[in-house]
Each structure stands twice: as structure tokens, then as C-alpha cells.
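Summary of structural features
Here's the letter readout for the chains.
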Amino acid sequence: MLKLGKGKKEEKQAANQQLIKKTNLTLIFNLINKYGSISRAELAHVTGLSPTTVSSLAEELIRHDIIFETGEGNTTTSGRKPIMLEVNPNGGYISSIEINEKGYVFSLYNLKCNLVIEKKIEITEYNKIGFLIIRTIEETLLELKIPEEKLFGICLGVPGLIDIVNNRITTSTIVPIDENNDFYEHIKNRFDGITIFLGNESWFSAYAEKEFGTDVNVNNLVFIDINTGVGAGIIVDGKIFTGSQGLAGEIGHMTIDMNGPLCKCGNRGCLETMISIPAIAESIISKTGYESSSKSSPYISITDDCTKSSSQIDFIQKAYYGNNSIAREVVDLAAKRLAFGITNIVNFINPEIVVIGGEITKLGEEFLEKIKYYMKDIQLKPNRGKVELKYSTLKGNTVTLGGAKYILDNILNPGILLHTYQ
Ligand SMILES: [Zn+2]
């Protein structure tokens, strides 16, 4: 065994103590954040730490304005009422960014996850996106007179496949960013020491749904995003489930029909080839074209704009609610296929809630009811009536909201204060 000299041994002990203190600071902050309002005695009880240790950690968080003392709490004993501790909303901030086809949405959230400012930045040079995001963060902090040490975390939500091992976007059909774009490293180098989390946009929307989209406390949830593509975010035991490399949630490539149409991924009959907005629109168009040669064919006007997902959904919606028989048949089949896809997911993950988001929700309650109708008979008996299926009802940017909240709840490390302020 390697024998350490006295100096080395003391250094090692000091480093260990620092680590324990950082871990405990994070633990105390997370619990105050979780409970909203909690006393020192309750914190000692929950953590098993001594009251003296809890007090000293709380003092450190108070000294840096991360938490504050509020009025007296209730007590069941006749003793003195305890002073409660709460997170100071303006004690720190999270930058949450959604990268999209037009550029990016930059949002700053405070420690209570309230939106402080939102900026929509349009860009064309995605090869410079790292530098541009850094500039937006710097300018915004300056503008709001927020010292940089109050920036505790940065979340980056992107539409694409993520390599969580190397923090790169492997591929995206929405934005021109691939694995050669090292924007994450640029941001990491500039804001060294703070939490930076890169993830798929659907992961964060799923977390926003878990936290803000439901009245009940949910720990297992699946969010399915249906637009031009089909993606999903999975929450297991309260945390985002990324899989080993970041590819969990690629339900768009779940096979529904092994003899179905060829998908761009190389397989056949993927869910995305059947229930994405373009797939439904194209199916209506092709079937209508065939039928239009007969006299009984109903007329559907097809505009040149039909290649865009937003106008495609309007087209589907009009045809469906205009009682076009072909459109009704196609949408009905899409609902049935989606019901099978969702049932596969439900059997695999066993979530409490499945939330559908994206342009597809424009098809309205009737479409949702159809999916429920088809799911009724194919679900496992114990699951029937237990799994809630709903549309997303959250307003605003769910990607930045969910991202900020996820950092706050799961990976924020106020222990960085030990470095920042030493
Ligand atoms: Zn596929």
C-alpha cells in the first residue's frame, strides 16, 4: 500500500472534507427546494445529519443568498415555533436554451423556476452557435445586472439524437448540427465549473409535463411529441431516462408493421412512417388522388404548402372535420396505429400518464378519444383505466421550462460556491 507523507495525508483529508461539505450543501439545498419550506430540525431529521452540521450548512447557503429564513412554522409541541428556510428566488439563475430551426430561444429562470426573461434569437450560422449562445448569456446577465457567479446552470435542449457520452448532437433532421459541432465544449470552457446539461428537447418537455402539467404527483411519465417526426421523453422514477448513450425514447422507430413502408432509418413500418403529420397528410393526398378519378370522390383542395408540417396539419384537420370520408378513414387508422404504439410503451414502462404533444393535438379531442377507444381492448387488464392518456395543456416553451426545472431539481450543485467564493 502506498504510504502517504504527513502533508499528502492532510491534503487528502481536507479534499475529502470539502467533498463531503459540497455533497451536504447540495443535499440541503435540494431538500429545501423540494419541500418549499422546511425547518433546520426537520432537515436534520430527514438527512440524519447532526443539528449543528445542518445549521452550519444552512448558514453558508444564507450567507450566499441562496436561501433565506421566513416566518415561524407550525409545531405540534408546545415548544418554540421553528424558523423556516426557503429558497431565495433571486439567489441564483439557470439559463435554459432551446435550439430550433430558426436559431434558439434563450430563457433565464430564477431558483423558483419563474421565467425572468426570454429572447428569440434568429441565426443562420449554426457553426457559430456556441459563441452566439455565450454572447447572449453574457449580454443578458449584464443587462439584468446579475453577477456571473449567480449563474448556476445551463440547459441545452435540441431536436436531434444526442450522444450523452461525448455531449454532441449525433444527427438532426431539424437543425444543421452534427457530431463535428463542438458548441457544448465552447460553452463548457467559458462557464467552467457550473452545471451544463445537453439533452433532447422531448426529455425536457416530458419533465415539464411531470412537474407542471398534472395535478397529481407523477414519477413515471411518457411524453410523445408528434410533428414532422415522432419523438418521446421518458421519465422513470422522477428522472429523465436517457439510456446508456442518450437514445432512449426513439419511439418513432418502433416497428408497428414489419411489412410496412420503408423508413429513413432502414427498417420497415416504423411508427413515424405511419403517424407523423407528413405521413398522414401524404396518405390522404395519395388516396384522394386515386379516388378523384371516380365520380363519387369527395373533393379536397390541396395547396402547394402541403409540404410543411404546420400547413399539413391544417389540411388534415380541415379534411377530417369537413367529413371527407377518406380523411376520416386515414385519421382513424392513424389513431389505431398510435394506440398500438402507446400500448407497447405502456407495457414496457408502466407509466402513470402518457402525454401527447406537438402539432397532432390540433386534431382535437375526437382523435384522442379514438386512440383511447382502440387502446381499451389491447391493454393488459391491470392497466385498463389506470393509465391516463391526455394532450399537453402547458403554455409557453416547455423545453426551456422543463430543462431549467430539471437542473434545479436534479443536478444543481450549490457546492460550486466553495470554489467560487474561496
Ligand atoms: Zn425508422
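Rules used throughout
- Residue indices begin from 1 for each chain and proceed along its sequence in written order.
- Local features in this predicted model are restricted to residues whose pLDDT is 70 or higher, and side-chain atom pairs enter the listing and the counts only when it is 80 or higher, whereas totals over whole chains, interfaces and linings include all residues.
- Secondary structure is summarised from DSSP: a helix means a run of H or I of at least four residues, a strand means a run of E of at least two, and numbering begins at the N terminus for each.
- By the convention adopted here, residues are in contact when the distance between their C-beta atoms, placed from the backbone, does not exceed 7 Å.
- Should DSSP find at least two bridges between two strands, the strands are taken to pair.
- Orientation is described by lines fitted to C-alpha atoms, with helices fitted over the stretch in contact, and by angles between N-to-C directions that extend from 0 to 180 degrees.
- Domain limits in this description derive from either an automatic procedure or a database domain assignment.
- For this scheme, ten residues count as nonpolar: Ala, Val, Leu, Ile, Met, Phe, Trp, Tyr, Cys and Pro. Four count as charged, namely Asp, Glu, Lys and Arg, and the remainder, Gly too, count as polar.
- By convention the nonpolar core is taken to be a set of buried residues drawn from Ala, Val, Leu, Ile, Met, Phe, Trp, Tyr and Cys and joined through C-beta atoms within 7 Å.
- Here exposure depends only on C-beta density: within 10 Å of a residue's C-beta, 20 or more other C-beta atoms make it buried, 12 or fewer make it exposed, and intermediate numbers make it partly exposed, the C-beta atoms being placed from the backbone.
- Within this analysis, the arc is defined by the directions that extend from the helix axis to the C-beta atoms.

Its location among the elements puts Asn219 in the loop between helix 6 (201–212) and strand 11 (221–226). Spatially, the C-alpha atoms of Asn219 and Ile235 are 6.8 Å apart, while their sequence positions differ by 16 residues. Ignoring anything within four residues of it in the chain, the contact list for Asn219 reads Asp237 and Gly238.

The strand order across the open sheet built from three strands is 1-3-2, with neighbouring strands paired in antiparallel fashion. Here the strands that pair on one side only, and so sit at the sheet edges, are strand 1 (38–39) and strand 2 (67–72). Seen against the sheet, helix 3 (residues 51–63) touches strand 2 and strand 3 (83–87) and runs at an angle of roughly 110° to strand 2.

Next up on the list: the domain arrangement of the chain. Taken as a whole, the chain is organised into domain 1 (19–87), domain 2 (92–210 + 399–420) and domain 3 (215–393). Using C-alpha coordinates to define each centre, domain 1 is positioned 29 Å away from domain 2. With 11 residues of domain 1 at the contact, the number on the domain 2 side is 10 residues. Considering each element in turn, the side of domain 1 that touches domain 2 owes the most residues, seven residues, to helix 1 (residues 6–35). Class assignment for the residues of the side of domain 1 that touches domain 2 results in five nonpolar, four polar and two charged.

The next subject is the nonpolar core. Membership of the largest hydrophobic core comes to 103 residues, with the highest contact counts inside it found for Ile28, Cys155, Ile275, Ile280, Ile284, Ile316 and Val331. Considering each element in turn, this core owes the most residues, 11 residues, to helix 10 (residues 325–349). Other than its neighbours up to four places away in sequence, Ile284 contacts Ile316, Ala319, Ile326, Ala327 and Val330.

Taken residue by residue, helix 5 (residues 183–190) has Phe183, Tyr184 and Ile187 as its buried positions. Relative to the axis of helix 5, the buried residues are bounded by an arc of 105° and lie together on one face. Here the buried face of helix 5 lies against helix 4 (129–143), strand 7 (151–158), strand 9 (168–171) and strand 10 (195–200).

What follows is about the sheet that holds strand 4 (residues 93–100). One open sheet accounts for five strands, arranged 6-5-4-7-10; its pairing is mixed. Strands with a single pairing partner mark the edges of an open sheet, and in this sheet they are strand 6 (115–122) and strand 10. Here the average twist between neighbouring strands, direction ignored, is 15°. In this structure, strand 5 (residues 103–110) lies alongside strand 6, joined through seven bridges in antiparallel fashion. When the sheet's bridge partners are listed, Leu108 is paired in strand 6 with Ile117. Sheet contacts for helix 6: strand 4, strand 7 and strand 10; angle to strand 10, the most-contacted strand, approximately 100°.

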